[in-house]
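Structure at a glance
As a plain string of letters, each chain reads:
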Amino acid sequence: WLYREWQTLCENISELFAISLGLPRGFFIQKSRRPLAQLRAAMYPPQPARNIEGAIGCGQHTDYGIVSIIWQIDAPGLEIQDVKGRWLTAPSIPGTFICPLGDAAGIWTNDFWRPTPHRVINKSGRIRHSLAFFYDQDFECLMKPLPQFVNASNPSRYAPTTMAEHVARGFNDTFSYRKNTAMEAI
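Below, the structure is looked at part by part. (Residues numbered from 1 in each chain as written. Predicted model: local features only at pLDDT ≥ 70, side-chain atom pairs only at ≥ 80, totals over all residues. Heavy atoms only, no water.)

Applying the stated criterion across every chain yields a total of 8 aromatic pairs. Taking 5.2 Å as the distance between ring centres and 80° as the angle between the ring planes, the aromatic pair formed by Tyr3 and Phe133 counts as edge-to-face. Of this pair, Tyr3 sits in helix H1 (residues 2–20) while Phe133 sits in strand S7 (residues 128–138), and the two are 130 residues apart along the sequence. Consider the rings of Phe27 and Trp108, whose centres lie 5.5 Å apart with planes at 80°: the pair is edge-to-face. Linking Phe27 in helix H2 (residues 27–30) with Trp108 in helix H3 (residues 103–108), this pair joins segments that are 81 residues apart in sequence. Given a relative accessible area of 4%, Trp108 falls into the buried group. Put simply, the rings of Trp6, Trp71 and Phe97 pair up and form one aromatic cluster. Over the aromatic face of Phe27 sits the side chain of Lys31, whose NZ or CZ is 4.6 Å from the ring centroid. (Phe/Tyr/Trp six-rings, centres within 6.5 Å; stacked < 30°, edge-to-face > 60°. Helix = DSSP H or I, 4+ residues; strand = E, 2+ residues; numbered from the N terminus. Buried < 20%, exposed > 50% of the residue type's maximum accessible area, 1.4 Å probe, protein only. Lys NZ or Arg CZ within 6 Å of the ring centre and 35° of its normal.)

Below, the discussion takes up empty space enclosed by the protein. The full count for this structure, using the stated rule, is 1 cavity of 30 Å³ or more. One number sums up the size of the largest cavity: a volume of about 50 Å³. What lines the largest cavity is Trp71, Gln72, Pro91, Ser92, Ile93, Thr96, Phe97 and Ile98. Its residues placed into classes, the lining of the largest cavity shows 5 nonpolar, 3 polar and no charged. (1 Å grid on protein atoms, 1.4 Å probe; cavity = no way out; pocket = protein on both sides within 12 Å on 5 of 7 lines; lining within 4 Å. Points joined across faces, edges and corners; volume = space filled by probe spheres on them. Nonpolar A, V, L, I, M, F, W, Y, C, P; charged D, E, K, R; others polar.)

Quick look at the structure:
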């Protein structure tokens, strides 16, 4: 049930993105007929108070797709990096979600909309739980900057790539054992 509801929410957000960018309403939904969507549950143990600054529950990263949904169930811990590189604690407000932009949003807009760097540091002193829904476009979806974001003074920052290639690169960067077999799995 939750998976379907959050997928619908991401489709609605994607439709709003398309409208705000002057695209047809279904532009991103057409590229997400069979999305690489996942719902993940995470548990973060309490981190030692004596070394809280160096203790990371989940290191700095951006998500691969256009948007994600994060529900901090019982304690704060999500931190968002602002444009000046500072880490800000995302509030944990009951009944609300945080929806960071992913890499695909950056690719489509040539970084006019930048992916949201985030990490998790569990300073709560107790076990922390969260649910995250990652909404990535179809495996074979070709992504490249939209024409309205590319010109002579702002050249494309991204070569065309498929969602599959982008996710594989992300896994290869994150999981060092994969670097020896980069892109062979595709």
